[in-house]
Every structure is written in C-alpha cells, then in structure tokens.
Amino acid sequence: MIEHIVNISGGKDSTATYLLAIERGRPFRAVWADTGHEHPATVDFIKDLSRKTGGPEIEAVRADFTERMAKKRAFIQRKWAEHGVPSDRIERALDIIQPTGNPFLDLCLWKGRFPSAGAQFCTQHLKIEPVEHVLTPALEHGDVVQWLGIRRAESRRRADTPRVRRVRWIEPKRSMIYFAPIAHWGWNAVFWMHERHGIDPNPLYGLGASRVGCWPCINARKSELKLIGQHDPEAIAKLMEWEVLVAEASKRGAATFFASDTTPEGAAAAKRGETGATGEYRFPRADEVFEWAKTDRGGRQYPMFEPACASEYGMCE
Ligand code: SF4
C-alpha cells in the first residue's frame, strides 16, 4: 500500500501542493507541524483549508519536550552548582523549565536559548521530528510519498530540487518518495492555483509578508520585522515575555530571540566581547530589534528570495 502525505505550512506553496493533491484525486493525508509560534491568521487559514476545499482535514502534530525538560532539570540539579551558578538562579531555572504547552517556547526553555541561523535546531525539533512521528508508522504499512511544497525559483539552494527522489530501506523493504510536484512552478502558477479553487492565499501576504511560517522566524529579514513592528505589537510583547523566561532557563542568565549581530549596536557589542555577563549584556532585546527595523541603519541582511529554512524538506516557508 502506498500512503500519500502532504506537508502543510500555511504558506502559498504548500497550499498549492495540497490543492494539486486534491486535483490528482488519490486519497491522501495532510500534516501540519504546529510550532506554537505561527500568526493566528496562519493557524485559522490552515484549520479552514479542508472546509473550504473539500480536501482532507489537516492533522496538526506538535513536538513534546516533557521528557527532555525533565532530564534537563535533573542535569541542572546535578551540575550547575559545580559550574558556579548561584543557587537562586538554579532554583529559578528549575521552576521555569516546565512544559508550557507551547512547543516553540518549550524547545527554547529546554535548550536554555533561542535557535539562530548557526544553530537552527527549531526546524529539526519542531517540524521534522513531529512529522517523522506520522511517517514512521505509515512506513510500517508500506511505501510513503511525501509531497513537498518546494519550488526551484525560490532560491539558489533549491534551484536543483528534483521533482522526485526515492529513499529505499532494505529491511524491512520500504521506500519513501519525496515528491515536489510544483518544483518547476513560478509564483504566478501558485497564486493561479489558489484562484482556480476559489481560495484566498494566507492573508499575511496581503499585509506584505513574503513568508508566513513562524511569526517572526529567527531569520526574518529587516523588512519583515518592520512589517510586524507596524502591524503586530502583540507579537513583540510575546517575544519580550519569552526572552525573560528563556533567560531564566539559561545558564548564563541571558537570552535574546534575535542574534547579537542583527542590529549594528549588537554586532559592535559582540565584537567587544560583551557576551552576556550580567550588567554589560548588550545583545539586542526584541523591542530594540523592532525599533531598529524601522530605520535605514545597516544591521544583518539576508539575501532576497532565500527562504528562512534551507532544509531539503521545505518545512519552513
Ligand atoms: S520558520 Fe524559522 S523559526 Fe520557525 S522553525 Fe523554521 S527556521 Fe525556525
């Protein structure tokens, strides 16, 4: 038996892939890795997709860090005092490293830090692993075709994406096919597909967002941060709350959502070696990054047209 599974992110490409799967007429499942850090409009868009199109319900899968957090607490109890961490900080970390029900926040509490471009563990733990929980039992019953909403025109990295790639196992004899049916499409074909099914794309595109995964993604461009700063003060307030919590869970007592070199001031502080020791800590807080995003002053820029997540699975838009 061959099972077809379509990965959904709430973005235009995975939606077009879902619509194409409906047109092909074979039974399929649609899976969404819910990070707990999407914009509510994206969550609503995904939840409405089945009703609006007549396609299958979207199965939400969420990472669970309960066990890993328990192990981290045990480690802190054993080791942090030896590492010279004051007892009051240890107590606060033990209090704070508890499951909150939000996968993104729980991941950061467990790790004691936020992901970054150089340590992009969010894609692995929040997207790839939860989807694997669906794929593994499916593979026990036969072959799996995983439909991916990846397009070659999205970025140089994806320019050579094959439409079909097969991975085989010998024992038990199984295979997984990575199927990127829209690999050769341009963006106009993607929007045309929405139109053909009478579906408006995720409303965040209408606001000017170029991608709609985590809100914001750790790799968000300055223009995307500016957009969030203009339209979504709640998103900034949430990040500031998370920064306080994750700092409490961190051995060094500091954590910021954005990398130090996101702003020119943060890059200069990092260069001077101000790396988080209490009073001198100058990595940019979320509100400082959003203030900087309103300006024309330098800071870190990501290339145009590069997607946030370069994983071959294209799970982050
Ligand atoms: S969208 Fe960005 S923040 Fe979210 S999992 Fe992907 S890389 Fe990480």
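Since the model is a prediction, treat every value here as computed from it, not as a measurement.

Q: Which parts of the structure should I look at to understand the state of the cysteines?
A: Simply put, the disulfide is a covalent bond whose two ends are the sulfur atoms of two cysteines. Counting across every chain of the model gives zero disulfides. The closest cysteine sulfur to the non-disulfide-bonded Cys108 is located on Cys122, 8.0 Å from its own sulfur.

Q: Would you mind showing me how to read the sheet that holds strand β2 (residues 29–33) here?
A: Strands in a sheet are paired, the pairing made by backbone hydrogen bonds, and the direction either parallel or antiparallel. Taken in spatial order, the six strands of this open sheet run β3-β2-β1-β4-β6-β5, and their pairing is mixed. At either end of the open sheet lies a strand with only one pairing partner, and these are β3 (58–61) and β5 (164–169). This sheet shows a mean twist of 25° between the axes of neighbouring strands, independent of strand direction. Where strand β4 (residues 143–147) and strand β6 (residues 174–179) come together, four bridges link them in parallel fashion. Residue pairing in the sheet places Trp147 in a bridge with Phe179 of β6.

Q: Even after reading the chapter, I still don't get the environment of Ser210, so can you show me in this structure?
A: Position of Ser210 relative to the elements: it lies in the loop between α8 (203–207) and α9 (222–231). Each C-alpha atom of the pair Ser210 and Glu82 lies 47 Å from the other, and the pair is 128 residues apart in sequence. Looking at Ser210, its side chain comes within polar contact range of the side chain of Arg221, at 3.2 Å. At a separation of 2.6 Å, a polar atom in the side chain of Ser210 contacts the side chain of Glu224.

Q: Would you explain the pattern of salt bridges in this entry?
A: Side chains carrying opposite charge are able to pair once their charged atoms draw close together. Counting across every chain of the model gives 16 salt bridges. A salt bridge links Arg92 to Asp88; the nearest nitrogen and oxygen atoms lie 3.8 Å apart. Here Arg92 and its partner Asp88 are both found in helix α4 (residues 87–96), four residues apart, which amounts to about one turn of the helix. Here Arg92 falls in the partly exposed class, since its relative accessible area comes to 35%. Given the relative accessible area of 44%, Asp88 is considered partly exposed. Several salt bridges converge on common partners, so that one network encompasses Glu3, Arg29 and Glu59.

Q: Explanation requested: the environment of Glu67 in the structure shown.
A: Its place among the elements puts Glu67 in helix α3 (residues 66–79). Of the residues examined, Glu67 reaches a relative accessible area of 63% and is grouped as exposed. Linking Glu67 and Pro99, residues 32 residues apart in sequence, is a C-alpha distance of 9.4 Å.

Q: Is there a simple way to think about the packing of aromatic side chains in this case?
A: Two aromatic rings are characterised by how far apart their centres lie and by the angle between their planes. A full pass over the atoms with the stated rule returns ten aromatic pairs. Ring geometry for Phe258 and Phe290: centres 5.8 Å apart, planes at 80°, overall edge-to-face. With Phe258 in the loop between α10 (233–249) and α11 (264–271) and Phe290 in helix α12 (residues 286–293), this residue pair connects regions lying 32 residues apart in the sequence. Summarising the burial analysis for this pair, Phe258 and Phe290 share the class buried. Three or more aromatic residues link up through ring pairs in this structure, and these residues are Phe104, Phe114, Trp242, Phe257, Phe258 and Phe290. A cation over a ring is seen here: Arg68 above Trp110, with NZ or CZ 5.0 Å from the ring centre. Its guanidinium or amino end placed over the ring of Phe121, Lys111 lies 4.9 Å from that ring's centre, counting from NZ or CZ.

Q: In this structure, what is going on with α4? I would like to understand it.
A: The α-helix winds at 3.6 residues per turn, so residues separated by three or four positions along the chain end up facing the same way. Along α4, the residues that are buried comprise Arg89, Ile90, Ala93 and Leu94. An end-on view of α4 places all buried positions within 135° of arc, on one side of the element. At its buried positions, α4 is contacted by α3 and α10.

Rules used in this analysis
- Residues numbered from 1 in each chain as written.
- Predicted model: local features only at pLDDT ≥ 70, side-chain atom pairs only at ≥ 80, totals over all residues.
- Heavy atoms only, no water.
- Disulfide = S-S within 2.5 Å.
- Pairing = 2+ DSSP bridges.
- Helix = DSSP H or I, 4+ residues; strand = E, 2+ residues; numbered from the N terminus.
- Axes fitted to C-alpha atoms, helices over the stretch in contact; angles between N-to-C directions.
- Polar contact = N/O pair within 3.5 Å; in protein donor to acceptor, adjacent residues only side chain to side chain.
- Salt bridge = Lys/Arg side-chain N within 4 Å of Asp/Glu carboxyl O.
- Buried < 20%, exposed > 50% of the residue type's maximum accessible area, 1.4 Å probe, protein only.
- Phe/Tyr/Trp six-rings, centres within 6.5 Å; stacked < 30°, edge-to-face > 60°.
- Lys NZ or Arg CZ within 6 Å of the ring centre and 35° of its normal.
- Arc of directions from axis to C-beta.
- Contact = heavy atoms within 4.5 Å.

The analysis is restricted to geometry; functional conclusions fall outside its scope.
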